Amino acid sequence: MTFTTPPRPLDAEAFFPGLAAHRATATRLHPRAGGPTARDSHVGGPLLWPTGEPWPVCDEPHRYGGPLLAVAQLYARDVPDLAPGPDGCDLLQVFWCPFDLHGPTGYGMHVRLRWRRSAEVREVLAPQPQPGRVGFDGYVPEPCVLHPEQVTEYPYIELLTGELGERVQEWEDAQEEAAYEAEGGDEGEEAAAWPSYQSDLSVAPGWKAGGHAAWNVTGPGRMDCPGCGHAMRLLLTVDSYEWRSDSESWRPRPTGAGAGAGADANRPTGVAVGNFGKLNVFACPQDPAHPHRFSVQ
Ligand SMILES: [Zn+2]
Ligand SMILES: [Zn+2]
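Residues numbered from 1 in each chain as written. Chains lettered and ligands numbered in written order. Predicted model: local features only at pLDDT ≥ 70, side-chain atom pairs only at ≥ 80, totals over all residues. Heavy atoms only, no water.

Draft legend 1. Here's a closer look at the coordination of the zinc ion (ligand 2). Ligation of the zinc ion (ligand 2) by protein atoms is provided by C225 (SG), C228 (SG), C284 (SG) and H290 (ND1), these donors lying 2.1 to 2.4 Å from the ion. Metal-centred angles of 101 to 115 degrees between the 4 donor atoms at the zinc ion (ligand 2) mark the site as tetrahedral. Going along the chain, you hit the donors of the zinc ion (ligand 2) in the pattern C-x2-C-x55-C-x5-H. Here C225 is found in the loop between β10 (208–210) and β11 (233–239), whereas its partner H290 is found in the loop between β13 (278–283) and β14 (293–296), with 65 residues between them in sequence. (Donors = N, O, S within 2.8 Å, 3.2 Å for Na, K, Ca; no water. Tetrahedral: all angles 85-135°; square planar, octahedral: opposite > 155°, others 65-115°. Helix = DSSP H or I, 4+ residues; strand = E, 2+ residues; numbered from the N terminus.)

Draft legend 2. Region of the structure containing the coordination of the zinc ion (ligand 1). Those protein atoms acting as donors to the zinc ion (ligand 1) are C58 (SG), H62 (NE2), C97 (SG) and H102 (NE2), and they sit at 2.0 to 2.2 Å. One way to put it: the 4 donor atoms around the zinc ion (ligand 1) meet at angles of 96 to 119 degrees, and that makes the site tetrahedral. Considered as a linear motif, the donors of the zinc ion (ligand 1) on their single chain read C-x3-H-x34-C-x4-H. The pair formed by C58 and H62 is uniform in burial state, with each residue classed as buried. (Buried < 20%, exposed > 50% of the residue type's maximum accessible area, 1.4 Å probe, protein only.)

Draft legend 3. Fine view of the pattern of salt bridges. Scanning the model with the defined rule gives 11 salt bridges in all. The shortest N-O distance in the salt bridge between R116 and E53 comes to 3.0 Å. Within this pair, whereas R116 is found in strand β7 (residues 111–116), its partner E53 is found in the loop between β4 (42–43) and β5 (69–75), the two being separated by 63 residues in sequence. Under the relative-accessibility criterion, E53 is labelled partly exposed at 25%. A salt bridge links D239 to K278; the shortest N-O distance between them is 3.6 Å. Taken as a pair, D239 in strand β11 and K278 in strand β13 lie far apart in primary sequence, 39 residues in all. The class of K278 is buried, set by a relative accessible area of 10%. Sharing partners across several salt bridges, the network here consists of E53, R114 and R116. (Salt bridge = Lys/Arg side-chain N within 4 Å of Asp/Glu carboxyl O.)

Scope: geometric values only; no functional claims are made or implied.
Here is the structure:
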């Protein structure tokens, strides 16, 4: 089965030639229910984790101290926009704590990433540790296989500056007004007829590697490396939905064997982060071994 994002409703660079300089590719992961193994890229399956290596536990001070949940793993060979790992590592493994009890507020999530060289793993740990208790069901992913697809993205609208930013914002406002008038006040229904930069041209919804980050909740924030101060890049997005009512145009078309049942599910992983939003994970482009940063949107 393959998933293909429909062509964008209009050519963003033809409308706004200045966007070409900000073009980036992202790899949409298109997770769908399946039975992944430790040798696959996946969400919610067994990790390529060697026997004899301690499984990560939550070390934040909330008296849990249990195993972290395995969220996903991505092999570089499957995900073209996965940023290179440190020291020849080709496999990114993602964990989080099953409780919302972290950080300065005491209600934040705790995410951990682990890079490894897959060729060095001989015997895979089985069975793998599972938390005995889970604070929030939205942290427990359903096993999914991935159907990666590369797409083109442009920056989040509020990050476009100068004349380009003004032109895009003016066009965006005009589109919104036109859609509103066409529909007599009801948003959404006619959205397809009046594409918007924000919803249809800039940042793809759903799980993805690389590309541009969306900042719908907080507005753009600076993400500088805690290790060296360099501006960080988006490494991975974990999304509660593969598309939403305002991003229907990104709904992929499934083809091939198995393209029927479940292919259209837009919450295939069952994962929910933030207020059914997304988690953006940032990495340092200077040195991928530097600490990651996270933003819930
Ligand atoms: Zn924890
Ligand atoms: Zn750095």
